[in-house]
Amino acid sequence: MTVASKNGPSISQLEQLFDSLSTAEITKFTRAIESDRNAPRLPLPHDQILKILRPRLASLKPERYPTPMRQFCTPFEDLLTSEPPSERGLRISRQSLVPIWNVVCESASAEFHKACKDLEAGAEANDKSRIFSSERRLWGEASRCIEEQIRISEQGVKQERALATRLGSRVHLPSMAIIAKMLRVAEPVIDMRLRFPSAPIRSLSNSDLVWLREKFIEVSAEKPGYESQFMTAILMRLLRPSELFKVIRVLSSKSDDRSLGSTNLASAGDMVIDMLSEIVTEVERGVGSGKDEHQILQLARWYASEFVRITRELSIRKDGPWGERLLGTRRRVSQAIANTMFGASPERVTEALPQPPRGPAPRGGLAPPLFSQPFDAEKVLAAEHSAEAIAETASISHILAAQSSATKAVVEIKKKLNQVGRAGIDGMARLEPPDYANAQRHLMAIVRLLEIIDGPEDADLLRRRGMSALRGLTERAGR
């Protein structure tokens, strides 16, 4: 709908109105809409209005109206993903939230429903202390409800199928289990979020590490068995997963991963390596999934940086549990880079060059000079982008354990560039004056690619030889 209807303004008119509002006005208006949606008094299309507002809200991040479901999700908010539900992993699919919330509302105690009503009343009155008190009761009752539903489902196939039916699909079961555990540490997680309100956390200072150490010890004493969930909450708030190893280091007197494997910190390192493994999976998908070389380079650079930071923070032994897994990801990324960046990508550099004719030369004559072929600026630009990504990936190939494939790719591209460059220069004597400018473009494109891949030495030699040949041609043409 783009024009006004009998029922009110159009979507485009609403968008224009919202764009004209200030941050404070958007915040106030959003709270009013969410309040009315919770207890309707006006015939408004609440969901449609909030959908239009969502892009502004994502950038402004105003304080949202505290509905029961929103407060239910707060302790595990950083774990939410828009990806489909997964059987494994740390994250909770947003698609699972409504089915799980509905099951909780159907099955929870009277105390849970009373906490929801108290929270709604506190939100309506903007009573912070009442919201604070009721949301904590809500978390406790919700976690007990979910744990009971999971316990019943584990009694047999029939019971598991019944819970899956109520959820709409069994794919929501893993998310349900994660939510139950996260709600058990809801209060320390909220304390942590208040300590670090701006996410993602770029780096942890010494005072941050002291605070996290004390909070972890508190969780370990008051919520034994749920330390992993608290560490998950920290991990998901970090910009760099490797920062979690700083927390591990200040929490333990153990110096290596073999010793730490028997402590309540064992799963923390596993989670970081799991996230590193996800990066490797993205690299493995490579060009086949639509990624170009610069996207693969970005992933490879991120992996290399995290690998170095992890091994610098802690003594990771090759025969230790983290060391074995870490080296496993390194072997995978090495193979993936060999198959993508150093496998398919060199052709994407050389295919932009003028190609020597295939098959025998024409009868009674020579093939046209190589540099008389049309110059494709777009192909050359794409080749430069590919070459830059290959060269930079080669520079970190020692961290990725991909030196062999990097060297092979660079040598292959360098050889091809030199071959085409020399062949083009050798054929310049047969060029006609109208082809001179085109030949110079070909020459400088090859020189630039050679410089990117191998540095200035060979590139400068080829450039000087080619320019000398071109000067000779123009001098003869001018006589």
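Now for a quick tour of the structure. In this text, all values refer to a predicted model and were calculated from it rather than measured experimentally.

**Examining the state of the cysteines**
Okay, step 1: Inspection of the entire model under this criterion finds zero disulfides.
Okay, step 2: Between cysteine 116, a free cysteine, and cysteine 105, which holds the nearest cysteine sulfur, the sulfur-to-sulfur gap is 5.9 Å.
Okay, step 3: On the basis of relative accessibility, which here comes to 9%, the residue cysteine 116 falls in the buried class.
Okay, step 4: The thiol of cysteine 145 is unpaired, and the distance to the nearest cysteine sulfur, on cysteine 105, comes to 8.8 Å.

**As for the environment of alanine 382**
Okay, step 1: By secondary structure assignment, the location of alanine 382 is in helix 18 (residues 377–395).
Okay, step 2: Sequence separation between alanine 382 and alanine 352 is 30 residues, and the spatial gap between their C-alpha atoms is 8.2 Å.

**Observations concerning helix 18**
Residues spaced three or four apart along an α-helix face the same direction, because each turn holds 3.6 residues.
Okay, step 1: If you check helix 18, its first and last C-alpha atoms are 27 Å apart, about what 19 residues at 1.5 Å a residue would give, namely 27 Å.
Okay, step 2: Val380, Ala383, Glu384, Ser386, Ala387, Ala389, Ile390, Ala391 and Thr393 are the residues of helix 18 that are buried.
Okay, step 3: The N-terminus of helix 18 is capped by aspartate 376, whose side-chain oxygen sits 3.2 Å from the backbone nitrogen of glutamate 378.

**Let's talk about the pattern of salt bridges**
Okay, step 1: In the structure shown here, the tally under the stated rule is 36 salt bridges.
Okay, step 2: A salt bridge links glutamate 187 to arginine 136, with the shortest nitrogen-to-oxygen separation between them at 4.0 Å. In this pair, glutamate 187 is assigned in helix 10 (residues 186–195) and arginine 136 in helix 7 (residues 128–153), connecting sequence segments 51 residues apart.
Okay, step 3: A relative accessible area of 42% places glutamate 187 in the partly exposed class.
Okay, step 4: The class for arginine 136 is buried, based on a relative accessible area of 13%.
Okay, step 5: Counted as one network, the salt bridges with shared partners bring together Glu111, Lys114, Asp118, Arg130 and Arg137.

**Considering the nonpolar core**
Okay, step 1: Phe72, Phe76, Ile146, Met231 and Ile337 are the most contacted members of the largest nonpolar core, which has 121 residues in total.
Okay, step 2: Ranked by residue count, the leading element in this core is helix 20 (residues 436–454), at 10 residues.
Okay, step 3: Not counting chain neighbours up to four residues away, the residues in contact with phenylalanine 76 comprise Ile92, Leu97, Ile179, Met182 and Leu183.

**Quick word on the packing of aromatic side chains**
Okay, step 1: One pass over the full model with this rule turns up six aromatic pairs.
Okay, step 2: Aromatic side chains phenylalanine 72 and phenylalanine 76 sit 5.6 Å apart centroid to centroid with 85 degrees between the ring planes, which places their arrangement in the edge-to-face category.
Okay, step 3: Looking at phenylalanine 72, the relative accessible area reads 1%, which means it is buried.
Okay, step 4: According to the relative accessible area criterion, phenylalanine 76 is buried, its value standing at 0%.
Okay, step 5: Ring geometry for phenylalanine 72 against tryptophan 101: centres 5.1 Å apart, planes inclined by 50 degrees, an arrangement best described as tilted. With a gap of 29 residues between them, phenylalanine 72 in helix 4 (residues 68–73) and tryptophan 101 in helix 5 (residues 97–107) connect regions that are remote in the sequence.

**Some words on the packing of helix 5 against helix 9 (residues 173–184)**
Okay, step 1: At a minimum axis distance of 10 Å, the contact between helix 5 and helix 9 shows a crossing angle of 65 degrees. When you trace helix 5 past helix 9, the crossing you get is right-handed. Residues Leu97, Ile100 and Val103 of helix 5 touch helix 9, and the partners they reach there are Ser175, Met176 and Ile179.
Okay, step 2: Its residues assigned to classes, the contact of helix 5 with helix 9 comprises five nonpolar, one polar and no charged.

**Structural notes on unusual backbone geometry**
Okay, step 1: Cis rather than trans, the peptide bond between alanine 199 and proline 200 has omega equal to 0 degrees.
Okay, step 2: Tracing the sequence through the fold places proline 200 in the loop between helix 10 and helix 11 (206–222).
Okay, step 3: One non-glycine residue, asparagine 126, lies in positive phi territory at about 55 degrees.
Okay, step 4: In this fold, asparagine 126 is placed in the loop between helix 6 (110–124) and helix 7.
Okay, step 5: Of note, the phi angle at alanine 401 is positive, near 55 degrees, even though the residue is not glycine.
Okay, step 6: With respect to the element layout, alanine 401 can be found in the loop between helix 18 and helix 19 (403–426).

**Describing the side chain of threonine 393**
Okay, step 1: Inspection of the secondary structure puts threonine 393 in helix 18.
Okay, step 2: Judged by relative accessible area, which is 0%, threonine 393 ranks as buried.
Okay, step 3: A polar side-chain atom of threonine 393 sits 2.7 Å from the main-chain carbonyl oxygen of alanine 389.

**Digging into the side chain of serine 134**
Okay, step 1: Within the fold, serine 134 resides in helix 7.
Okay, step 2: Since its relative accessible area comes to 1%, serine 134 is described here as buried.
Okay, step 3: A distance of 3.5 Å separates a polar atom in the side chain of serine 134 from the backbone nitrogen of leucine 119.
Okay, step 4: Those residues in contact with serine 134 that lie beyond four places of it in its chain are Ala115, Asp118 and Leu119.

**Some remarks on the packing of helix 18 against helix 20**
Okay, step 1: Close contact between helix 18 and helix 20 brings their axes to 8 Å; oriented N to C, the two are set at 15 degrees. In terms of orientation, helix 18 lies roughly parallel with respect to helix 20. Where helix 18 crosses over helix 20, the handedness of that crossing is right-handed. Facing Val380, Ala383, Glu384, Ala387, Glu388, Ile390 and Ala391 of helix 18, the residues of helix 20 in contact are Ala445, Arg448, Leu449, Ile452 and Ile453.
Okay, step 2: Tallied by class, residues from the contact of helix 18 with helix 20 come to nine nonpolar, no polar and three charged.

**Some remarks on helix 8 (residues 157–167)**
Okay, step 1: Residues Leu163, Ala164 and Leu167 constitute the buried set of helix 8. Along the long axis of helix 8, the arc covered by the buried residues comes to 100 degrees, so they all point the same way. When the buried face of helix 8 is taken as reference, the exposed residues oriented beyond 90 degrees from it are Lys158, Arg161 and Thr165.
Okay, step 2: Against helix 5, helix 7 and helix 9 lie the buried residues of helix 8.
Okay, step 3: Of the residues flanking the end of helix 8, it is glycine 168, one or two places downstream, whose phi is positive at about 100 degrees.

So, how was this worked out
- Residues numbered from 1 in each chain as written.
- Predicted model: local features only at pLDDT ≥ 70, side-chain atom pairs only at ≥ 80, totals over all residues.
- Heavy atoms only, no water.
- Disulfide = S-S within 2.5 Å.
- Buried < 20%, exposed > 50% of the residue type's maximum accessible area, 1.4 Å probe, protein only.
- Helix = DSSP H or I, 4+ residues; strand = E, 2+ residues; numbered from the N terminus.
- Expected span 1.5 Å × (residues − 1).
- Polar contact = N/O pair within 3.5 Å; in protein donor to acceptor, adjacent residues only side chain to side chain.
- Salt bridge = Lys/Arg side-chain N within 4 Å of Asp/Glu carboxyl O.
- Core = buried A, V, L, I, M, F, W, Y, C linked by side-chain atoms within 4.5 Å.
- Contact = heavy atoms within 4.5 Å.
- Phe/Tyr/Trp six-rings, centres within 6.5 Å; stacked < 30°, edge-to-face > 60°.
- Axes fitted to C-alpha atoms, helices over the stretch in contact; angles between N-to-C directions.
- Left-handed = near helix turned anticlockwise from the far one by under 90°.
- Nonpolar A, V, L, I, M, F, W, Y, C, P; charged D, E, K, R; others polar.
- Parallel < 35°, antiparallel > 145°, perpendicular 65-115°, else oblique.
- Arc of directions from axis to C-beta.

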